[in-house]
Amino acid sequence: QRLMIELLDGVRPIGEVRLTTVAGSISTDDWLRILMDDDETLGGRVMTRELVRNHVTNTRRSAIANRIINGSTATIPTYWGIGTSAITPTASTTSLTGETTNRQVLSVTSVFATYYLRFATTYSAGSFGATVRGVALFTSSSGGDLWAIAGTNTAKSTSQSLVCDWRLEVRSAGACVG
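Keep in mind it's a predicted model, so treat the numbers as computed, not measured.

1. Quick notes on the side chain of Thr 93
Step number 1: Mapped onto the secondary structure, Thr 93 falls in the loop between strand S4 (79-83) and strand S5 (104-105).
Step number 2: Judged by its relative accessible area of 16%, Thr 93 is buried.
Step number 3: One polar contact links the side chain of Thr 93 to the main-chain amide nitrogen of Thr 90, over a distance of 3.0 Å.
Step number 4: Apart from the residues lying within four places of it in its own chain, the contact partners of Thr 93 are Thr 57, Leu 146 and Ile 149.

2. Here we look at the sheet that holds strand S3 (residues 55-56)
Step number 1: An order of S3-S9-S8-S4-S5 is seen for the five strands of this open sheet, with the pairing classed as antiparallel. Where the open sheet ends on each side, the last strands, each with one partner, are S3 and S5.
Step number 2: Looking at chain direction, S4 and S5 are connected through two bridges and run antiparallel. Residue pairing across strands places Tyr 79 opposite Val 105, the latter belonging to S5.

3. Points about the packing of aromatic side chains
Step number 1: According to the stated counting rule, one finds two aromatic pairs in the structure shown.
Step number 2: An angle of 65 degrees between the planes, with centres 5.1 Å apart, marks the rings of Trp 80 and Trp 166 as edge-to-face. Linking Trp 80 in strand S4 with Trp 166 in strand S10 (residues 160-172), this pair joins segments that are 86 residues apart in sequence.
Step number 3: Seen from their ring centres, Tyr 123 and Phe 128 are 5.4 Å apart, and the 90 degrees between their planes marks the pair as edge-to-face.

4. As for the environment of Thr 90
Step number 1: With respect to the helices and strands, the residue Thr 90 is situated in the loop between S4 and S5.
Step number 2: What makes Thr 90 partly exposed here is its relative accessible area of 34%.
Step number 3: For the pair formed by Thr 90 and Asn 58, sequence separation is 32 residues and the distance between their alpha carbons is 9.0 Å.
Step number 4: Sequence-distant contacts of Thr 90, defined by excluding residues within four places in its chain, comprise His 55 and Ile 149.

What counts as what
- Residues numbered from 1 in each chain as written.
- Predicted model: local features only at pLDDT ≥ 70, side-chain atom pairs only at ≥ 80, totals over all residues.
- Heavy atoms only, no water.
- Helix = DSSP H or I, 4+ residues; strand = E, 2+ residues; numbered from the N terminus.
- Buried < 20%, exposed > 50% of the residue type's maximum accessible area, 1.4 Å probe, protein only.
- Polar contact = N/O pair within 3.5 Å; in protein donor to acceptor, adjacent residues only side chain to side chain.
- Contact = heavy atoms within 4.5 Å.
- Pairing = 2+ DSSP bridges.
- Phe/Tyr/Trp six-rings, centres within 6.5 Å; stacked < 30°, edge-to-face > 60°.

If you want it as structure tokens, here you go:
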């Protein structure tokens, strides 16, 4: 048990969030093209892109490391939350300020490599219109554990779709920069 605690203190889950607004509705093929190519324009339909770093919460740091490194069956995020209030996320954050009531089920929950997880979903054109000021990954459609959080500033209208892509990885503390 002590060795596991020391191991977990030596790893650092980090990640990034990519939000892409697209004019109109998108097909499954369009969605996959955006996820596979960060520079995809969909023939000029991509309106905006935002890339931000996230904070993995203290309460879920070890669960992420265990899930990625050991392949444990620890509960993973299943919902993406949107907040419309400005936030300053930290590792000790436990809730998403200004969260809207429309948490979205994650469409992709994948382990791409030994130390890498990826979560993605899409909000359809008519789902909401607002400036997304914060996003978070949750284990439940209401309540649940908050795994990771990021401050954003992406405007989405009711005539735009929003593709949400969250990438998490675990690095050893010695290999981390910044």
